[in-house]
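Reading the structure
These are the residues of each chain, in order.
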Amino acid sequence: MKQTFWAKIAFKNILENKKFHLANLIVSVFTITSFYLFAFTATNKGLAVVKGYDSVRFILLVACVFLAIISFAFKIYTNRLLLKRRNKELGLYAAWGLEPKNINSILFFETLYMFAVYSAIGIVLGVFLQKYIYKVLFSLMHCDLKYSGEFSATNIYVSLIVFAVMDIIILFKNMISTNKKKIIALLKEEDAVEPVKKLRLTDVLKGILGVALIVGAYIYINRVDDFINSIRTLVLAIAVLFVGSFLAISSFVVMIELALKKNQSLYYKNTFFTTLAKLVSRTKNNALSLSVINILFTCVIVGASSTIALYLGTENQASKAYKTDGEINVTTEEAVPAVIDAIREAAKETGLEVEEIRYAKRYAFQTTFDESTGEFSNEHVTGRNLPDIIEMLTLADFNENENMSLSLNDGEVLFISDEEIPVESLEGVNIYGNKFKVAQILRGPIFTDIDNIQYAYKFHVIVKDEATLVNIRESLVAQGNTREFNNTVMYNVSGSKDEESRFDVALSDKLKNFGTVDYMDSNATQRQTRYARNAIFLFLGAFLSIIFIMYMIFIMYYKQIEEALDDIGNVAIMKKIGMYKTEIKKCIFAENSLLFFLPVVLAFCHVAACFNVMKGVMKLFMLTDMDFIRLCVILFCVAIFVVYMLMYYGAYRVYSGIVLKED
Amino acid sequence: MRKMLELKDLHKTYCTKRSNVRYEALKGISFDACEGDFIAIMGESGSGKTTTLNIIASLDTATSGEVIIGGSDISKMDNKEICRFRREKLGFVFQDFNLLNYFTVKDNIAFPLVLLNKSKKEINERVKDLAEKTGITKFLNKYPYEISGGEKQRTAVARALVCKPTLVLADEPTGALDSKNSDQLMDLFKTFNDLGQTIIMVTHSVKSASKAKRVLFLKDGVIGTTLDKNEKSDEAFEEEIANFLYNVRK
């Protein structure tokens, strides 16, 4: 028979099953649009003006790969749901005498139509949106727009190929699994009533294991303080958390429901009766879908709230990265006056006034510190996750920059360390053989630290005068440490943030020919870099969250249709026996609510337990205002919960609409 | 004897939605059933017997006519009253059992009592009593998919009787059963009928109908003939019904 015949049947099939295909189509359109926009943004030449372009581009490319992987995983999952519902139809084709190759042709054309429709709409939508997305992104980055609007066929090809490959793999999988099954198995698969499972010993063990895994993962996550070195085990712990959730939902929750069922006084109450009895089966049979909703919900809360917090916190964090507006590190003291001149000239050129210029001589290098003996050396390896850095300053510089008036005697030092290092009882320090008495212990950060970046544990030793500093350096040079002094010039200029950015550009232009300038950094630079990076995170977080929410809607909508179709017969029996419509509605509402709010409650528990990790990751991205992060997470939880309730209500209406249709 | 059911000039006309084609399924059915009656309704497919039963069961409404059960005219009741009436006064036994698969046998039987908010003690007592009478005590904790067709139908009978209904309605109760289970089920009906339970049953089976006290033959939406069992034995009545059907077909 001609292929056009099978093509027509495939077309009719899609129309017949539009209820199931439509939701899938919408999700697929948005996914390919997102993929195209990620690829377009990453490869657009206009992005090159952004500070930190390389890292931003890298993040976007990683996001493309991530999106492709999760899309594939969800396509497999949703295909499984759709195919299960269609097995009877495919079985009927086989029973009518269609050969496997004919059924394969139908499946092929169905896949082709779906791919053609969603990819065409998705790409056209992407091309239409690209300019606006770019504008929004650059506005979020606080950057001047450098939109390069050329039509990039490569991005379109890449998007089409990636999604075509996914669909082809799934098509082959469907063909193989359909051809392998016997006709009778295909015909009966949809009708097979999922039996009410009695819990076996293995289920009980699985339930206990699930709870144990969740609790274990929570404990581990809250004990980790070295996020960089523990990243692999953290990812593993999060995977364990989700496996635990699946086991807990599929077995432990069912155990609770069965226990409630055994309480006859409760069970033989009108609403509880049908609700509890059905819940046992529905929880067990929907455990995978509920776990997926749980994962998606947790990811949306964590991903979206942290990227929102990161972005909204950018201004506050960047503006106080340095205590002054900026600093320049010079390798020789002789070059300091020229640098100060350059600062004044740049200010003059940009119409600003230099409010303050400070100077400090710093002597810093990596070391290891033994807090029990007060010894700095290269011999003891500490258990700390970040490197130790010692920075020595003179008392005069310290007093001037910290507005203090402390004094020291010969052989005395001030010792300053991070809060978490236990040095309260330290009486003396030994800096590579140079011993000093600790006159006073203070806690950081001090003016030389970037206040919201912790890339090392810093130990500051304030010595009496420059001569002491020089003596220490000479002693260390003799031991092979040739580290030079850093001469840091710090400045404050008057003006708005934009004016400061212009000043920054002018100053960096002037300093670029200074061979003695080690580095220059400022709050204005920090602001631009952080805005660029955090805007990209927000952009990705928003898109991925929308995709995840769409998948949640799809799963809920699909499961509600599937279960409602299975439940029509049960509801008809209930009506025949004399159950009121309001009673039936109440049962359906209670049952669906308990079922679909279970993964949400569990997700909130996960988020609360993982807050420590979120805080740690935020710290790595220089957001240290924990109250602000907490507020963002709570507000987002409330917002997403409202969205979920609306989604749930929609899905519930679909369910009750199907089962109570004849009324 | 007290009248349990009165059907007065029942008409039912179906009308297709799009083409407005009208089909008259019932053309004036009238009959009474007294307390302790056991009536079988027989007839060809499309004669109107299931429609009649559905109207008595308040699962469908008549186009015109009256259905009075235990003195209450169900055609004048609103939806809520009908539901209450159904759960309190009627018991159903269907061909395909209509058991809920997520309930155990015990829960299936208890379901109507739970709807009536009966106490745990009363539920347990009634279920135990009915399970003993229907011979399914050992299956009480099993699920419908774990028991045979005969056992399922006995469960359905127990459920139908658990609320001590005014009337039990059975639609082809032996339709999905083998001959042995059919006999057992009809014996069960007979036992309950002997205890005073009023039963109205739609059936195609001559043997099943022979257990009833009266057989109504429907043809084209009207009651054609009525056969009374009186003092006849089951076998004699079965023969009479069979002969009647043979003559009609001839």
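Rules used throughout
- Residues numbered from 1 in each chain as written.
- Chains lettered and ligands numbered in written order.
- Predicted model: local features only at pLDDT ≥ 70, side-chain atom pairs only at ≥ 80, totals over all residues.
- Pairing = 2+ DSSP bridges.
- Helix = DSSP H or I, 4+ residues; strand = E, 2+ residues; numbered from the N terminus.
- Axes fitted to C-alpha atoms, helices over the stretch in contact; angles between N-to-C directions.
- Parallel < 35°, antiparallel > 145°, perpendicular 65-115°, else oblique.
- Left-handed = near helix turned anticlockwise from the far one by under 90°.
- Nonpolar A, V, L, I, M, F, W, Y, C, P; charged D, E, K, R; others polar.
- Contact = placed C-beta atoms within 7 Å.
- Domains from an automatic or database assignment.
- Bend = angle between axes of the 7 residues up to and from the residue.
- Buried ≥ 20, exposed ≤ 12 C-beta atoms within 10 Å, placed from the backbone.
- Core = buried A, V, L, I, M, F, W, Y, C linked by C-beta atoms within 7 Å.

Some words on the pairing of strand β4 (residues 64–69) of chain B
Residue and element names in this part refer to chain B. One ladder, built from five bridges, connects strand β1 (residues 3–15) with β4; its direction is antiparallel. Opposite Leu7, over in β4, you have Val67 as the bridge partner. Bridge count between β4 and strand β5 (residues 72–73): two bridges; the pairing is antiparallel. Looking at the pairing, Ile69 lines up with Ser72 of β5. Here β4 folds back onto β5, and the loop between the two strands holds two residues, one of which, Gly70, carries a positive phi near 55°.

Quick word on the packing of helix α17 (residues 523–577) of chain A against helix α20 (residues 626–659) of chain A
Axes are the key here: two packed helices are described by the angle between their axes and the distance separating the axes. Residue and element names in this part refer to chain A. With their axes 8 Å apart at the nearest point, α17 and α20 run at an angle of 25° to one another. One element, α17, and the other, α20, form an angle in the roughly parallel class. Crossing geometry of α17 relative to α20 is assigned as right-handed. Taken together, the residues of the contact of α17 with α20 sort by class into 18 nonpolar, one polar and two charged.

Details of the interface of chain B and chain A
With 22 residues of chain B in contact, the opposing surface of chain A contributes 18 residues. By residue number, the principal contributor to the side of chain B that touches chain A is helix α3 (residues 105–115) of chain B, which donates six residues. When grouped by side-chain class, the residues that make up the side of chain B that touches chain A number 14 nonpolar, three polar and five charged.

A few points about the sheet that holds β1(B)
Residue and element names in this part refer to chain B. Taken in spatial order, the four strands of this open sheet run β2-β1-β4-β5, and their pairing is antiparallel. Every interior strand has two partners, whereas the edge strands, β2 (22–34) and β5, have only one. Where β1 meets β2, 10 bridges bridge the pair, whose relative direction is antiparallel. Looking across to β2, one finds that Thr13 is bridged to Glu24.

Here's the deal with the domain arrangement of chain A
Taken domain by domain, chain A consists of domain 1 (1–192), domain 2 (195–323 + 523–663) and domain 3 (354–493). In this structure, domain 2 of chain A and domain 3 of chain A have C-alpha centres spaced 48 Å apart.

Here we look at the sheet that holds strand β8 (residues 198–202) of chain B
All names here are of chain B. Reading across from one edge, β6-β7-β8-β3-β9-β10 is the order of the six strands in this open sheet, with mixed pairing throughout. Every interior strand has two partners, whereas the edge strands, β6 (90–94) and β10 (222–228), have only one. Put simply, the sheet's adjacent strands are angled 20° from each other on average, direction ignored. When strand β9 (residues 214–219) meets β10, the two strands line up antiparallel, connected through six bridges. Considered in β10, the bridge of Lys219 is made with Val222.

Examining α17(A)
Residues and elements named next belong to chain A. The largest bend in α17 amounts to roughly 45° and is located at Asp567. Of all 55 residues that make up α17, 40 are buried, and the element is covered over most of its length. Two residues or fewer past α17, Gly578 is found with a positive phi of approximately 115°.

Re the pairing of strand β3 (residues 38–43) of chain B
All names here are of chain B. When you tally the buried positions in β3, you get six out of six residues, the bulk of the element. Taking every second residue as pointing to the same face, both faces of β3 are buried, with Phe38, Ala40 and Met42 on one and Ile39, Ile41 and Gly43 on the other. Note: β3 against β8, four bridges, orientation parallel. Residue Ile39 lies in a different strand from β8, and its bridge partner there is Ile200. Across five bridges, the pairing between β3 and β9 is parallel. The partner of Gly43 across the bridge, within β9, is Leu218.

Focus on the nonpolar core
Core analysis: the largest hydrophobic core is formed by 185 residues, its most contacted members being B:Leu169 and B:Ile200. With 23 residues, the single largest contributor to this core is α17(A). The residues that make up this core include at least three from each of domain 1 (1–192) and domain 2 (195–323 + 523–663) of chain A. Not counting the four nearest positions on each side in its chain, B:Leu169 is found in contact with B:Leu53, B:Ile56, B:Ala57, B:Leu90, B:Phe92 and B:Ile200. By size, the runner-up hydrophobic cluster in this structure holds 22 residues, among which are A:Met392, A:Leu393, A:Phe398 and A:Phe436.

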